[in-house]
Amino acid sequence: MSRIGRMPIAVPAGVTVDIAENNQVTVKGPKGTLERVLPAEMTITKEGEEITVTRPSDIKKMKSLHGLTRTLIYNMIVGVTEGYEKKLEVNGVGYRAAKQGKKLVLSLGYSHPVEMEDPEGIEVTVDGQNLIIVKGIDKEKVGQYAAEIREKRAPEPYKGKGIKYVDEVIRRKVGKTGKK
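The rules behind each value
- Residues numbered from 1 in each chain as written.
- Predicted model: local features only at pLDDT ≥ 70, side-chain atom pairs only at ≥ 80, totals over all residues.
- Heavy atoms only, no water.
- Helix = DSSP H or I, 4+ residues; strand = E, 2+ residues; numbered from the N terminus.
- Rg over C-alpha atoms; globule rule 2.2 N^0.38 Å.
- Buried < 20%, exposed > 50% of the residue type's maximum accessible area, 1.4 Å probe, protein only.
- Contact = heavy atoms within 4.5 Å.
- Areas by Shrake-Rupley, 256 points an atom, 1.4 Å probe, with all protein chains shown as cover.
- Lys, Arg positive; Asp, Glu negative; His and termini not counted.
- Charge placed at Lys NZ, Arg CZ, Asp CG, Glu CD.
- Expected span 1.5 Å × (residues − 1).
- Arc of directions from axis to C-beta.

A. Main features of the overall build of the protein chain. For the protein chain, the count of helices and strands is two helices and 13 strands. Relative to a compact globule of 180 residues, whose C-alpha radius of gyration would be 16 Å, the protein chain shows 21 Å and is clearly more extended. Referenced to the eigenvectors of the C-alpha coordinate spread, the extents of the protein chain come out at roughly 70 × 45 × 25 Å. Looking at the protein chain residue by residue over its 180 residues, the buried ones come to 37%. Pairs at least 24 apart in sequence give 50% of the contacts found in the protein chain among residues at least 6 apart. Roughly 11200 Å² of accessible area belongs to the protein chain as shown, and the carbon and sulfur atoms make up 50% of that amount. Computed over 32 positive and 24 negative side-chain charges, the separation of the two mean positions in the protein chain equals 11 Å.

What follows is the structure, given as structure tokens:
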């Protein structure tokens, strides 16, 4: 049995979970509403304040989908109650981030400023000149947008210049040494 898949999901107070046909799951909470179609092979049942996911057989594909389905529902519940956030740090001389309305403007050493429009359902704030905080209720969208921001100037291994996650460790390399 999948260790993650067989664990029941507790539904906190103030959160409603609706399971329609074709495993269309809708989660409503204090921060908003999330909707997702989950794999049709899985059986999702709601008993009182608990949700359980069961699989039809022990084929490898079903085992994989079992844990995935449970985790997706759990992430939706956490999203509508607490929300998700990713923090990015801008390192480098002259590298900075600023917010103009719904646009994130990045100065990353290119000849032009890089402008990024905030996607729907995601809130981006800039703390100081070098800390970007991406917040939202959908874990997937928050992670994807944070990755897109980081991609604009990924950290390089010699000086560590670029955009990195706050908890990310960059493996540094030794530069060239002069001739003797």
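Next comes the rest of the description.
B. Spatial organisation of helix α2 (residues 139–151). The terminal C-alpha atoms of α2, which comprises 13 residues, lie 18 Å apart, in line with the 18 Å expected from a rise of 1.5 Å per residue. Listed as buried for α2 are V142, Y145, A146 and I149. Viewed along the axis of α2, the buried residues span an arc of 100 degrees, placing them on a single side of the element. Across from the buried face of α2, at angles greater than 90 degrees, the exposed residues are E140 and E151. Along its buried surface, α2 packs onto β7 (84–91), β9 (103–107), β10 (114–117), β11 (122–127), β12 (131–136) and β13 (162–165).

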